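Chain by chain, the residues run as shown.
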Amino acid sequence: MNELDVLSVFCGPDGRHGNTLGVVRDGRTCPDAASRQTLAAQLGFSETVFVDDPERGVVDIYTPGLRLPFAGHPLVGAAWLLDLETVNPPAGEVWARQDGEFTWITARAEWAPPRRLERYASPAEVDALPAPPPGEGWLYAWAWQDEAAGRVRARAFPRRDDGIVEDEATGAAALLLTAELGRALNITQGRGSQILTAPGPDDTIEIGGRVRLAAPLALPVPATR
């Protein structure tokens, strides 16, 4: 059997919502890409993380349909769960820190997969979008709630035919939006998740949020395809 920790990452101030993340603490239980992709598809979470070295924070990230070099909520979740100062996905070394109820990672916008960032006139227009909106390609729809305060309303739609109709909280998209706007943001995404961002030195950006342990699960190790 394969033990899995299930987290909620980027929870709201009340501890609710957040994007669901599966973490396989012992990556040896799914030793190759095929078995990892099969388990990620079986779970159906936005992302599943496989930990290959818990001391150095070497991790491997999968959506239900593909492997990712970088993703925000899996790295925030893994850093919180494993109490790490660095996490090492394929994209490169990511620094992590704890600050009260928030876990932060430091990343670069060029690590994030491409997203279409589309600004809407009001939060109501973002809320009114169907899931998913018509069109193709990854869409991050956003509007200012309070521009002076850096407060943003956002929703995210992968539109990639892998069963994820709407992404509840998307760290990589928040990273790209922060790089585009050049300022710290307080993002409310999905049903009520919260993502904080802050530009740092040398074109780095911090992404922070709350994490809670939703449930431990025991699942059969998927067969290699």
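Counting from 1, residues in each chain are numbered in the order their sequence is written. Per-residue local features of the predicted model are confined to residues with pLDDT of at least 70, and side-chain atom pairs are confined, for both listing and counting, to 80 or more; whole-chain, interface and lining totals are unaffected and use all residues. Only hydrogens and water are set aside; all other atoms, that is, all heavy atoms of the structure, feed into the side-chain values.

1. Some points on the overall build of the protein chain
Labels follow the DSSP assignment, with helices taken as runs of H or I lasting at least four residues and strands as runs of E lasting at least two, numbered in each case from the N terminus. Each helix and strand in the protein chain was counted, giving four helices and 14 strands. The dimensions of the protein chain, computed from C-alpha atoms along their principal axes, are 50 × 40 × 30 Å. Burial status across the protein chain gives 56% buried among its 225 residues. We call two residues in contact whenever any of their non-hydrogen atoms come within 4.5 Å of each other. A separation of at least 24 residues holds for 60% of the contacts in the protein chain among residues at least 6 apart in sequence. Using the Shrake-Rupley algorithm and a 1.4 Å probe, accessible areas are obtained, with residue cover drawn only from the displayed protein chains. If you sum the accessible surface of the protein chain, you get close to 9700 Å²; carbon and sulfur atoms cover 49% of it. Averaging the positions of the 21 positive and the 31 negative side-chain charges in the protein chain gives two centres separated by 3 Å. Each residue's exposure class comes from its accessible area (1.4 Å probe, protein chains only) as a fraction of the maximum for that residue type: buried when under 20%, exposed when over 50%, partly exposed otherwise. Neither His nor the chain termini are counted; the positive set is Lys and Arg, and the negative set is Asp and Glu. The atoms used to mark charge sites are NZ of Lys, CZ of Arg, CG of Asp and CD of Glu.

2. Digging into the packing of aromatic side chains
Side-chain rings of Phe, Tyr and Trp (the six-membered ring for Trp) are treated as a pair once their centres are within 6.5 Å; stacked means planes under 30 degrees apart, edge-to-face means over 60, and tilted covers the remaining angles. Under the counting rule described, the total for this entry stands at four aromatic pairs. Centroid distance Phe-70 to Trp-111: 6.0 Å. Interplanar angle 50 degrees. Geometry classified as tilted. Of this pair, Phe-70 sits in the loop between strand S5 (67–68) and helix H2 (72–82) while Trp-111 sits in the loop between strand S8 (102–108) and strand S9 (116–119), placing them 41 residues apart in sequence. Both residues of the pair, Phe-70 and Trp-111, count as buried.

3. A look at helix H4 (residues 171–181)
Most of H4 is tucked away: eight of the eleven residues are buried. Along H4, the residues that are buried comprise Gly-171, Ala-172, Ala-173, Ala-174, Leu-175, Leu-176, Leu-177 and Thr-178. Looking one or two residues beyond H4, the residue adopting positive phi is Gly-182, at roughly 70 degrees.

4. Side note on the nonpolar core
Here is a general trend for soluble globular proteins: nonpolar side chains tend to be buried in one another's company. Grouped together as the largest cluster of nonpolar side chains are 46 residues, with contacts concentrated most on Phe-70, Leu-75, Ile-105, Tyr-140, Val-152 and Ile-187. If one sorts the elements of this core by residue count, H4 sits on top with six residues. What Leu-75 contacts, discounting residues up to four positions off in sequence, is Val-59, Ile-61, Phe-70, Val-87, Pro-89, Val-94 and Ile-105. Joining through side-chain atoms within 4.5 Å is the link that ties buried Ala, Val, Leu, Ile, Met, Phe, Trp, Tyr and Cys residues into a set, and such a set is a nonpolar core. Listed in part, the ten residues of the second largest apolar core include Leu-4, Leu-39, Ala-40 and Phe-45.

5. Details of unusual backbone geometry
Backbone geometry follows two general trends: most residues other than glycine have a negative phi, and most peptide bonds adopt the trans configuration. Backbone torsion omega between Ala-131 and Pro-132 reads -5 degrees, so that peptide bond is classified as cis. Topologically, Pro-132 is positioned in the loop between helix H3 (123–127) and strand S10 (139–146). Although it is not a glycine, Asp-83 sits at a positive phi angle of roughly 55 degrees. Following the sequence through the fold, Asp-83 ends up in the loop between H2 and strand S6 (86–87). Classification of Asp-83 by relative accessible area gives exposed; the value is 63%.

6. Details of the pairing of strand S7 (residues 94–99)
Two strands pair if DSSP finds at least two bridges between them. As defined by bridge partners, S6 adjoins S7 across two bridges and the pair is classed as antiparallel. Note that in S7 the partner of Thr-86 across the bridge is Trp-95. Taking the residues that link successive antiparallel strands as the turn, the S6-S7 hairpin has six residues, and the phi of Gly-92 there is positive, at about 145 degrees. Direction of pairing for S7 relative to S8: antiparallel, over a ladder of five bridges. Its bridge partner being in S8, Asp-99 is matched across the sheet by Phe-102. Here S7 hands over to S8 after two residues, with Gly-100 in that stretch at a positive phi of 65 degrees.

7. Section: the side chain of Thr-63
For Thr-63, the position within the fold is in the loop between strand S4 (58–62) and S5. Among the residues examined, Thr-63 registers a relative accessible area of 0% and is labelled buried. When sequence neighbours within four positions are dropped, the list of residues in contact with Thr-63 reads Gln-37, Ala-40, Ser-46, Glu-47, Leu-68, Arg-160 and Asp-162.

8. Considering the pattern of salt bridges
Salt bridge, as used here, is a side-chain nitrogen of Lys or Arg placed within 4 Å of a carboxyl oxygen of Asp or Glu. Taken as a whole and judged by the stated rule, the model has 15 salt bridges. The closest approach of N and O atoms between Arg-160 and Asp-162, which form a salt bridge, is 2.5 Å. Arg-160 gets classed as partly exposed once you look at its relative accessible area, which sits at 27%. For Asp-162, a relative accessible area of 16% corresponds to the buried category. Residues joined by salt bridges that share partners form a network here, namely Arg-36, Asp-52, Asp-60 and Arg-67.

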